[in-house]
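# Fold and geometry: a report
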Amino acid sequence: MKIDEFSSPDLRQNNDDLHNQLCSQIESSIKDIEKHVPGNGTDSFSTDLRRSISQLNSLSPFPNNSVKLHIWKLSYRLWNACVDLSNANAAHKHHEEHAKLRQISADLLFLAIDVFGIPSPAFKSASFFYKTGLIWHDLGKFELANYCFEKASDLLLKVNVASISEYEEKKLLLDLNIARSRTAWEVSDRNLAIALLSRSKNVLFAVAENYKALANQYLVFGKAMLSKNEVSGVNEALRLMNEALELCERGLTVVKRKEETLGLKELRSKTLRFLAASHLQRDEFESVLKCVKVLREGEKDQHPSLSVLAMKAWLGLGRYGEAEKELRGMVVDKGIPEGVWVSAVESYFQVVGAAGGAAVKRVFLGLLGRCHVSADAAIRVVNKVIGDPSGGGEEARLRAKVVSDLVSDDRIRTLLSGEDASKERTAMHALLWNCAAERFRSKDLQTSADIFEKSMLYVPSDIESRNLKAKGFRVLCLCYMGLSQLDCAQEYINEAEKLEPNIASAFLKFKIYLQKNESDGAITQVQAMPSCLDFTTEFLSLAAHEAIACRCLPVAAASLSLLLNFYSRGKQMPTTEVVVFRTLVTILSQDCQSDSDILKQMKRAHSRLCEMGADKFFGKGEIGRRERNWFSVNAWNSGVKTGQENQYAICAEFFRLASEFYGSSIDEKKEGNNVMVCKSLIMTVSAIISYEKQRTNTLSENEVKEAISLLDKAGKMLMSSSTEYEKLEAIIEPNFLFVYTWCAFDLHSRLDDTGSQQLVLIKRFADSKCCNPKHLLQIGIDASQGPRSNHEVATFALSTCLSTLLALPLPDYVSVALILRKLVSLRSIHGVDTNDDATMETYKQAYRIMVGLKEGEYPVEEAKWLAMTAWNRAAVPVRMGHMDEAKRWMSMGLDLAKKVPGMQTYRSCMEDFVAGFEKKLSGA
């Protein structure tokens, strides 16, 4: 007995009222849904309905059939309302709220599953759950979909077969199995998915559509496995596709009506094509060809993919001739879509490589001749022929050659020449440009130039493309420069400059002049660079580097010299000014004939030094000191070099610059360069005097005073009034002290009333520790001759020098003889009368020196000169009657002659003359 039979009539009455109330609520919600305007939200409908159904479910089982029938009708009304909403909103996919309403309708129908008066209610309820599951599947809610499918499967077990046809039952069961299989596949339960498909083979019921549906699902799964491109996946795909093929074959044997077999035959062909693709993926090329053969024998209208499959199979077997036949066959078959033969061309070239380039070109041009080929297809083919442009070797070069021939064909150019192909034309240009750029990077300059030239065919001729065309001309210039075809490169850069006159074109022209060794042209081009609108000073630095690399030093010097003009303008520069000056001087120093140019740049640097100050020009700290020392040393060395080459005017300038550079202070600190400043000033004055003698043109009074001021400056820097010579003697080398003294003596001799100053200067030098007899000899000789001679200085210097020489262990008697001759000459010229005791004393000193010397140790000629001049000096006293004086000179001459070898005859004559002279005096 049921529980409700024990209930009181009042309780049953209350339940009936509650049933009616809940059904009324559900009906009210359904009415709202039926009136609902599509597009507005329906969230509240499903919520309210789900709440009512939950309460209604708690009251089951229902006491009478009328309640069940009412629920059944409400379910159908809700379902139909959902159908209307779906039809009204057909442009949009199902949304989740719609699926919820469908689910409520199915659940509501399930509550009244045992209603009387409805034929096969379980079948109808199963149908609701099946259709709802399909919607959940489309929404990706696979758990809900699987719940609906399983619910429907359970309901089918309760179906009264007598109330429906067996076909309807099996058709629904087949559809449910396939749907459940799809859902299981989506959640990766592949074993269940395949098992459900296998179970479906028992409900095909000899209906073509059933065979087709099941075979198609096997094919779908097989294609999914094939797309994963895995070895195990390909094997599974083959198994599934074979199942699909077997079902198609079985269906064709079972189904007899011709119109029903068309779909199966079509699916069979499709399955065979995918089987061929699977075999191709497994490199089972013979199996591919078997599939293609079956398909070609069984079909009147050949599928476009067959030629591609056959071609790839032949390629895999290495039978390129057969593959090319398939490729050429596509040219004849006008039914093959563009995408198919383009893909075939790509595949063929990918396998055959550069060796198949000619065939690809023939096929593609043949396709152009027999049908309309889109510009996009041309781009794809060219892209495939190019392959990996960064690849090296002969293959890449051959590929580029095929591309060059292909894109230069008039048919390709015409295809991409229309206004509607501007996008493809731009793409072709970019494709060719990138290919040429990679060949350029691979040093394949000839191929690169060829492809760059072909890319120019696809540059529009409008004004906006002038810059792009100019860029192409510039890169072609680079290619031909690399190929050393400089004339051709120059033609291209001239064209580029016409289209876009910029610094890049100007610089390339400069490089061409350099490579042609046309220095004048290169210098002219450098000078023209600043007139370019996009000029930056970096290009002058780069031009200098290029010129140095080409060993074209005049061009490098011109570039750096021009670069220096921009520093005074306050512009941001690539490097410091002092570095540019240093580099420029270094370059000029490599040319032995560029002393004047070096001097010019050194003066220019000194001018900037004066303008900027040492800290800004050289830099601060140790870097600044190194730069200052470099310029100082180079100015000094240049002065030494030009002095040795007797270029005294330039020499003086260099030494003066050296004194300025040495005298500049870094960080405002006094540094120990005063000695070098002093030396530089001394050498400057020395060079000035030497230049005067060289040009035989006397210095003006102002020039003399300026030179004296330079010497005074040198002295004042290092000495005080009390100890000046001691200081100077201690800090500079003896040679520099001599030059200082000699220059000061020479310059002071040009001014009036400076004789005493000269003597003091020479005496001071003679007293110094670094005094050298040769220095004194030089000073004495210079002071004894010329229009500005100084007898006192000459006499002092020569006498002091003589004393110093005689004090040596091994005197230089040549110098001694020269000094004695000079002293004799000086005292003879400046003597008061012929009875000059000082002159006689000089002869006597000479005689004393000769006494004890070996024969020839004293210069013979000088000794003869002394003997003869002493003898001859007696002539004047004889004529004037000064006999004692005459006799004294005769005796001196005879004594000297006795010391000179080779004067025996003269001595005999002298002795005879003296004897006669004394006899005459006695007789008188």
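The model shown is predicted, which means the values in this text are computed figures rather than measured ones. (Residues numbered from 1 in each chain as written. Predicted model: local features only at pLDDT ≥ 70, side-chain atom pairs only at ≥ 80, totals over all residues. Heavy atoms only, no water.)

### Some details on the overall build of the chain
Across its full length, the chain carries 46 helices and zero strands. In the chain, which comprises 924 residues, the proportion classed as buried is 48%. Counting only contacts in the chain whose residues sit at least 6 apart along the sequence, the fraction spanning at least 24 positions is 66%. Carbon and sulfur atoms form 51% of the exposed surface of the chain, whose accessible area is close to 45600 Å². (Helix = DSSP H or I, 4+ residues; strand = E, 2+ residues; numbered from the N terminus. Buried < 20%, exposed > 50% of the residue type's maximum accessible area, 1.4 Å probe, protein only. Contact = heavy atoms within 4.5 Å. Areas by Shrake-Rupley, 256 points an atom, 1.4 Å probe, with all protein chains shown as cover.)

### Structural notes on the side chain of S404
Tracing the chain through its elements places S404 in helix α19 (residues 393-407). Overall, S404 belongs to the buried group, its relative accessible area being 2%. Within the local environment of S404, its side chain forms a polar contact with the side chain of D450, the two groups lying 2.6 Å apart. Sequence-distant contacts of S404, defined by excluding residues within four places in its chain, comprise D450, I451 and K454. (Polar contact = N/O pair within 3.5 Å; in protein donor to acceptor, adjacent residues only side chain to side chain.)

### Considerations on the confidence of the model for the chain
For the chain, per-residue confidence averages 81 on the pLDDT scale, and residues scoring 70 or more make up 86% of the total. When mean pLDDT is compared element by element in the chain, helix α25 (residues 503-515) scores highest at 93, while helix α1 (residues 3-6) scores lowest at 38. Here residues 1-13 is modelled with pLDDT under 50, and outside its nearest four sequence neighbours on either side it reaches four contacts, counting other chains as well. (pLDDT = per-residue confidence, 0-100.)

### Points about the state of the cysteines
What the rule picks out here adds up to zero disulfides. Between C479, a cysteine without a disulfide, and C477, which holds the nearest cysteine sulfur, the sulfur-to-sulfur distance is 9.1 Å. Looking at C479, the relative accessible area reads 0%, which means it is buried. Left without a disulfide partner, C488 is nearest to the cysteine sulfur of C477, which lies 9.0 Å away. (Disulfide = S-S within 2.5 Å.)

### So, the pattern of salt bridges
In total, this model carries 31 salt bridges according to the counting rule given. Between R608 and E577 there is a salt bridge; the shortest N-O distance is 2.7 Å. Linking R608 in helix α30 (residues 595-612) with E577 in helix α29 (residues 577-589), this pair joins segments that are 31 residues apart in sequence. For the pair R608 and E577, a shared accessibility class is recorded, and that class is buried. Between R582 and E627 there is a salt bridge, and its shortest N-O distance comes to 2.9 Å. Of this pair, R582 sits in helix α29 while E627 sits in helix α32 (residues 621-644), and the two are 45 residues apart along the sequence. The exposure class assigned to R582 is partly exposed, which follows from its relative accessible area of 24%. Here E627 falls in the buried class, since its relative accessible area comes to 8%. (Salt bridge = Lys/Arg side-chain N within 4 Å of Asp/Glu carboxyl O.)

### Thoughts on helix α24 (residues 486-499)
Over its 14 residues, α24 extends 20 Å from the first C-alpha to the last, a length consistent with the 20 Å expected when each residue adds 1.5 Å. Of all the positions in α24, only L486, A489, Q490, Y492, I493 and A496 are classed as buried. Summarising the axial view, the buried residues of α24 lie within an arc of 165°, below the 170-degree limit, and thus occupy one face. In this structure, α24 carries D487, E491 and K498 as exposed residues pointing more than 90 degrees from its buried face. Its buried side turned inward, α24 meets α22 (445-455), α23 (466-482) and α25. (Expected span 1.5 Å × (residues − 1). Arc of directions from axis to C-beta.)

### Here's the deal with the packing of aromatic side chains
Counted under the stated rule, the structure contains 23 aromatic pairs. Here F617 and F618 contribute two aromatic rings whose centre-to-centre distance is 5.1 Å and whose plane-to-plane angle is 70°, an arrangement assigned as edge-to-face. Here the two residues F617 and F618 agree in accessibility, since each one is buried. An angle of 40° between the planes, with centres 5.6 Å apart, marks the rings of F631 and F661 as tilted. Placement of the pair is F631 in helix α32 and F661 in helix α33 (residues 648-663), with a sequence separation of 30 residues. The residues F631 and F661 share a single accessibility class, namely buried. An aromatic cluster is defined as three or more aromatic residues linked by ring pairs; in this entry it consists of F581, F617, F618, W630, F631 and F661. Positioned over the ring face of F796 is K763, at 5.6 Å from the centre of the ring. Positioned over the ring face of W865 is R821, at 4.5 Å from the centre of the ring. (Phe/Tyr/Trp six-rings, centres within 6.5 Å; stacked < 30°, edge-to-face > 60°. Lys NZ or Arg CZ within 6 Å of the ring centre and 35° of its normal.)

### Examining the environment of E260
Relative to the assigned elements, E260 resides in helix α12 (residues 258-281). Given the relative accessible area of 34%, E260 is considered partly exposed. Along the primary structure E260 and A208 are separated by 52 residues, whereas in three dimensions their C-alpha atoms are 6.1 Å apart. Sequence-distant contacts of E260, defined by excluding residues within four places in its chain, comprise A208 and V255.

### Thoughts on the packing of helix α42 (residues 837-850) against helix α45 (residues 883-898)
Two elements in contact, α42 and α45, have axes whose closest approach is 10 Å; the angle formed by their N-to-C orientations is 20°. Regarding the angle of α42 to α45, the classification is roughly parallel. With respect to the hand of their crossing, α42 and α45 are arranged in left-handed fashion. Residue-level inspection shows D837, T839, M840, Y843, K844, Y847 and M850 of α42 in contact with α45, the latter providing R888, W889, M892, D895 and L896. Grouping the constituent residues of the contact of α42 with α45 by class yields seven nonpolar, one polar and four charged. (Axes fitted to C-alpha atoms, helices over the stretch in contact; angles between N-to-C directions. Parallel < 35°, antiparallel > 145°, perpendicular 65-115°, else oblique. Left-handed = near helix turned anticlockwise from the far one by under 90°. Nonpolar A, V, L, I, M, F, W, Y, C, P; charged D, E, K, R; others polar.)

### Some points on the packing of helix α27 (residues 538-549) against helix α28 (residues 553-564)
Interaxial distance between α27 and α28 falls to 8 Å at its minimum, and their mutual angle equals 165°. Overall, the two elements α27 and α28 adopt an arrangement that is roughly antiparallel. Here the hand of the crossing between α27 and α28 comes out left-handed. Contact residues: L540, S541, A543, A544, A547 and I548 in α27; V555, A556, S559, L560, L562 and L563 in α28.

### A closer look at α30
Here α30 is 18 residues long and its end C-alpha atoms lie 26 Å apart, about the 26 Å a rise of 1.5 Å per residue gives. Buried residues in α30 make contact with α28, α29, α31 (614-618), α32 and α33. One or two residues past the end of α30 sits G613, with phi positive at roughly 95°.

### Quick look at the nonpolar core
Counting 132 residues, the largest nonpolar core has F510, M602, F618, F661 and Y858 as the members making the most contacts within it. Of the residues forming this core, the biggest block, ten residues, is contributed by helix α37 (residues 734-748). Ignoring anything within four residues of it in the chain, the contact list for Y858 reads Y813, V816, A817, L820, I849, M850, L853, A863 and L866. If you look at the next biggest cluster of nonpolar residues, it comprises 99 residues, including A310, L315, L327 and A377. (Core = buried A, V, L, I, M, F, W, Y, C linked by side-chain atoms within 4.5 Å.)

### Here we look at unusual backbone geometry
Even without being a glycine, S188 presents a positive backbone phi close to 65°. Here S188 shows up in the loop between α8 (166-186) and α9 (190-200). Positive phi is not limited to glycine here, since D283 has a value of about 60°. Locating D283 in the fold gives a position in the loop between α12 and α13 (285-298). Judged by its relative accessible area of 52%, D283 falls in the exposed class.

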